[in-house]
Amino acid sequence: MPDAPAVTTDTEKAPTASPGRIWGGLTSDERIRFRRERLLLVGLEVFGMSGWSDATVGDICRFARVSPRYFYELFDGREALFLAVCESIAEDVHELVHLTVAQEGLLPEERVRAALSALIRYFMADHRRVRVALVESCATPSFRVYRAEMLDVFASLAARLMRTLHPDPDPDPDPDSVDERRLQLNAIILSGGLAEALISFIAGRAPADPEELVDHLTALYTLAVAG
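Below is a short write-up of the structure. These figures come from a predicted structure and were not determined experimentally.

### With respect to the nonpolar core
Then step 1. If you look at the biggest cluster of nonpolar residues, it comprises 64 residues, and the most contacted ones within it are L81 and Y221.
Then step 2. Ignoring anything within four residues of it in the chain, the contact list for L81 reads L39, L40, G43, F47, I60, F71 and F75.

The structure is reproduced here in structure tokens:
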């Protein structure tokens, strides 16, 4: 079991407070938000280091210094916390790609390379994100459903990136057209391949460094659109 993450001590002995009441410098609503953020942080640590099967609500509450009562006020159980951690990672990925695609002054290939580079840096900066989102998310049937939905979202982001590489990108593509269906299929394949490449990286099996991966993916995205 990993050591407890560095979090601010909170003995959780505050009396029940109305949303506007101040206790310990925080309102009740602020304390709830802080507690939830702390549980997400600890959830990432426990699930990312120990794995799903070895994680318990007791471990999470102890590391977060939150009583089970407060845990269950926010989450139905460890499954709900695990999915919330996954959702937080997915939101980060979506924001990263969105901000990169929205940048002005970049050529299409530069935009794609920048987005892929930001995405890979994000996951390589914290291998726990890869383990939680892409490995431990296979642990149960409900997790696998969520994982498939998450990869579909990633594929949609990939398709959006790939459209920017088209010499005459269509702002409102016909989803039933042959070209659009081919692009969507390519995006699904490339997103799945990227997920497996990230898993290989954290397992020490990747045959390339992150920069080489960015170069290779950029070339594949370009070829997928050209084909």
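### Re unusual backbone geometry
Then step 1. With a phi close to 60°, R65 is a non-glycine residue in the positive phi region.
Then step 2. Within the element layout of this structure, R65 appears in the loop between α2 (57-64) and α3 (68-74).

### What about helix α5 (residues 108-124)?
Then step 1. In this model, α5 (17 residues) spans 24 Å end to end at C-alpha, consistent with the 24 Å of a helix rising 1.5 Å per residue.
Then step 2. Buried within α5 are the following residues: R111, V112, A115, L116, S117, A118, L119, I120, Y122 and F123.

### Topic: the pattern of salt bridges
Then step 1. Under the defined criterion, the tally for this structure stands at nine salt bridges.
Then step 2. Note that D59 and R62 form a salt bridge whose closest N and O atoms lie 2.8 Å from each other. Residue D59 and its partner R62 are both found in helix α2; the two are separated by three residues, about one turn of the helix.
Then step 3. Here R182 and D179 are joined by a salt bridge, their closest N and O atoms 3.5 Å apart. Here R182 and its partner D179 are both found in helix α8 (residues 178-202), three residues apart, which amounts to about one turn of the helix.
Then step 4. D179 gets classed as partly exposed once you look at its relative accessible area, which sits at 49%.
Then step 5. Salt bridges linked by common partners bring E45, D126 and R128 together as one network.

### Section: the environment of A118
Then step 1. Its place among the elements puts A118 in helix α5.
Then step 2. A118 sits in the buried class, given a relative accessible area of 10%.
Then step 3. Separated by 18 residues in sequence, A118 and T100 have C-alpha atoms that sit 8.2 Å apart.
Then step 4. Residues in contact with A118, not counting those within four places in the same chain, are L96 and T100.

Conventions used here
Residues numbered from 1 in each chain as written. Predicted model: local features only at pLDDT ≥ 70, side-chain atom pairs only at ≥ 80, totals over all residues. Heavy atoms only, no water. Core = buried A, V, L, I, M, F, W, Y, C linked by side-chain atoms within 4.5 Å. Buried < 20%, exposed > 50% of the residue type's maximum accessible area, 1.4 Å probe, protein only. Contact = heavy atoms within 4.5 Å. Helix = DSSP H or I, 4+ residues; strand = E, 2+ residues; numbered from the N terminus. Expected span 1.5 Å × (residues − 1). Salt bridge = Lys/Arg side-chain N within 4 Å of Asp/Glu carboxyl O.

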